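Remarks on the overall topology
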Amino acid sequence: RAWNLLDPDVLAWQAAEGPEDITPHLVELRRLIEPPAARLAAERRGEAELAAIEGALAGMRAAVADPEAYYRADLAFHRALFAAAGNPFIDRLGAVVGAVLEVSFRLQRRSLCFGDVTDSVFSFTRSGPLTSRMSFVTGSQPSTGVARSG
């Protein structure tokens with residue numbers, strides 16, 4: 001029987017064994033999951049979902065100096081974004097991203113830094129579906145350097 005590699009405890013164990021080995025894979029996973037979820041959230045979100053995303057973003061801005069509060073707000077931002085996608089299966093992927101954020105937080109004592117990317121995700125989601133912004137959500141991002149094995 002194989003390990004559930006996305007289980008938070010298994011992720012933490014793997015990160016403790018060698019974060020330099022796991023980090024590029026986790027970044028790649030997030031790049032695979034998050035942009036399409038943001039696109040769907042932009043297309044489907046209602047005012048309540050937008051308010052939840054915006055509230056979490058405000059929490060991130062307010063907590064820049066407090067790693068614990070920042071992590072909680074970052075997690076709330078991602079969970080709200082996945083919920084706004086309007087698909088229960090994609091919403092569950094938010095739990096996967098949550099586990100990845102937790103490992104990131106444990107490794108760095110803070111999740112990924114607040115900045116332009118988070119603001120861009122929110123702006124995209126607030127404005128709704130716009131074809132001109134598709135490069136943001138179609139994976140037009142630099143490679144993580146993960147090479148295929150075998």
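Heads up: these notes are all about the structure in this document. Keep in mind that what you see is a predicted model, and the values were worked out from it rather than measured. (Residues numbered from 1 in each chain as written. Predicted model: local features only at pLDDT ≥ 70, side-chain atom pairs only at ≥ 80, totals over all residues. Heavy atoms only, no water.)

1. A closer look at the packing of helix H3 (residues 47-62) against helix H4 (residues 67-84)
Remark: H3 packs on H4, axes separated minimally by 8 Å, with the N-to-C direction vectors making an angle of 160 degrees. For the element pair H3 / H4, the angle class is roughly antiparallel. Crossing hand, H3 versus H4: left-handed. Contacts from Glu 49, Ala 52, Ile 53, Ala 56, Leu 57, Gly 59 and Met 60 in H3 reach Tyr 70, Ala 73, Asp 74, Ala 76, Phe 77, Ala 80, Leu 81 and Ala 84 in H4. Counted by class, the contact of H3 with H4 contains twelve nonpolar, one polar and two charged residues. (Axes fitted to C-alpha atoms, helices over the stretch in contact; angles between N-to-C directions. Helix = DSSP H or I, 4+ residues; strand = E, 2+ residues; numbered from the N terminus. Parallel < 35°, antiparallel > 145°, perpendicular 65-115°, else oblique. Left-handed = near helix turned anticlockwise from the far one by under 90°. Contact = heavy atoms within 4.5 Å. Nonpolar A, V, L, I, M, F, W, Y, C, P; charged D, E, K, R; others polar.)

2. Topic: H4
Across its 18 residues, H4 extends 25 Å between first and last C-alpha, which sits within 8% of the 26 Å expected from 1.5 Å per residue. The set of residues buried in H4 consists of Ala 69, Tyr 70, Tyr 71, Ala 73, Asp 74, Phe 77, His 78, Ala 80, Leu 81, Phe 82 and Ala 84. Following H4 by one or two positions, Gly 86 has its phi on the positive side, about 75 degrees. (Expected span 1.5 Å × (residues − 1). Buried < 20%, exposed > 50% of the residue type's maximum accessible area, 1.4 Å probe, protein only.)

3. Focus on the pattern of salt bridges
Pairing between side chains of opposite charge can happen when the charged atoms of each approach one another. Inspection of every chain in the model, using the stated rule, returns three salt bridges. Put simply, Glu 34 and Arg 30 hold a salt bridge, and the shortest N to O gap is 2.4 Å. Residue Glu 34 and its partner Arg 30 are both found in helix H2 (residues 19-44); the two are separated by four residues, about one turn of the helix. For the salt bridge of Arg 39 with Glu 43, the shortest nitrogen-to-oxygen distance reads 3.7 Å. Taken together, the positions of Arg 39 and Glu 43, both in helix H2 and four residues apart, correspond to about one turn of that helix. Judged by relative accessible area, which is 27%, Arg 39 ranks as partly exposed. (Salt bridge = Lys/Arg side-chain N within 4 Å of Asp/Glu carboxyl O.)

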